[in-house]
Amino acid sequence: MNTNTPAPPPLEELVDFPAKLPIKAISHKQVGHDEFHAVLFALSCEHVPGVTTDVLTIRPSSAGNYFAATLMITFDNADQVRALDAALRAHPLVRMVL
């Protein structure tokens, strides 16, 4: 195994900002739709000014155990992407961020 794999390039080199990017989040089991929606929207507003509810879509899993959300947000810079990603990953209702 090669341990000298180069680090991926910074986001700023991959994306021209402002850019509309999807962020996906998966809830933990037993989290309600409205609660998950409220948390995702609040965190989005905190890190990206001007976000509206239409950027957020949520659907239940096929078995109804969790919710999958897509946030389609126009970010002004890479710092906003990193901040929202970190906030989502740290929130107790969020199981995974893609």
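These remarks concern the structure in this document.

Right, let's get into the overall build of the protein chain. Within the protein chain, the regular secondary structure consists of three helices and four strands. In the protein chain, the succession of helices and strands from N to C terminus is α-β-α-β-β-α-β. Structurally, the protein chain occupies a C-alpha span of about 40 × 40 × 20 Å along its principal axes. The 98 residues of the protein chain split such that 35% are buried. Taking all contacts inside the protein chain whose residues are at least 6 apart in sequence as the whole, residues at least 24 apart take part in 68%.

Below, the discussion takes up the environment of Ala-86. Among the structural elements, Ala-86 can be located in helix H3 (residues 78–90). In this structure Ala-86 comes out as partly exposed when scored by relative accessible area, which is 44%. With 64 residues separating them along the chain, Ala-86 and Pro-22 place their C-alpha atoms 15 Å apart.

Looking now at the sheet that holds strand E3 (residues 67–75). The sheet built from four strands is open, its strands ordered E2-E3-E1-E4 with antiparallel pairing. Because the sheet does not close on itself, it has two edges, and the strands there are strand E2 (56–60) and strand E4 (94–97). Within this sheet the neighbouring strands show an average axis-to-axis angle of 25 degrees, counted without direction. As judged from the eight bridges shared by strand E1 (residues 19–27) and E3, these two strands associate in the antiparallel manner. In the strand pairing of E3, Ile-26 is matched with Ala-68.

So, on to the pairing of E1. Where E1 lies against E4, three bridges are found, and the strand directions are antiparallel. Across the sheet, the residue bridging to Ala-25 is Val-97, located in E4.

Here we take up the pattern of salt bridges. Applying the stated criterion to the full structure yields three salt bridges. A salt bridge links Glu-12 to Arg-82; the shortest N-O distance between them is 2.9 Å. Here the residue Glu-12 occupies a position in helix H1 (residues 11–14), and Arg-82 occupies one in helix H3, the gap between them amounting to 70 residues. Judged by relative accessible area, Glu-12 falls into the partly exposed class, the value being 41%. Asp-85 is the salt-bridge partner of Arg-89, the closest N and O atoms lying 2.8 Å from each other.

Here five bridges tie E2 to E3, and the two strands are oriented antiparallel to one another. The residue of E3 that forms the bridge with Ile-58 is Ala-69. Between E2 and the antiparallel strand that follows it, E3, lie six residues; Gly-64 among them carries a positive phi value of about 75 degrees.

What counts, and where the lines are drawn
Residues numbered from 1 in each chain as written. Predicted model: local features only at pLDDT ≥ 70, side-chain atom pairs only at ≥ 80, totals over all residues. Heavy atoms only, no water. Helix = DSSP H or I, 4+ residues; strand = E, 2+ residues; numbered from the N terminus. Buried < 20%, exposed > 50% of the residue type's maximum accessible area, 1.4 Å probe, protein only. Contact = heavy atoms within 4.5 Å. Pairing = 2+ DSSP bridges. Axes fitted to C-alpha atoms, helices over the stretch in contact; angles between N-to-C directions. Salt bridge = Lys/Arg side-chain N within 4 Å of Asp/Glu carboxyl O.

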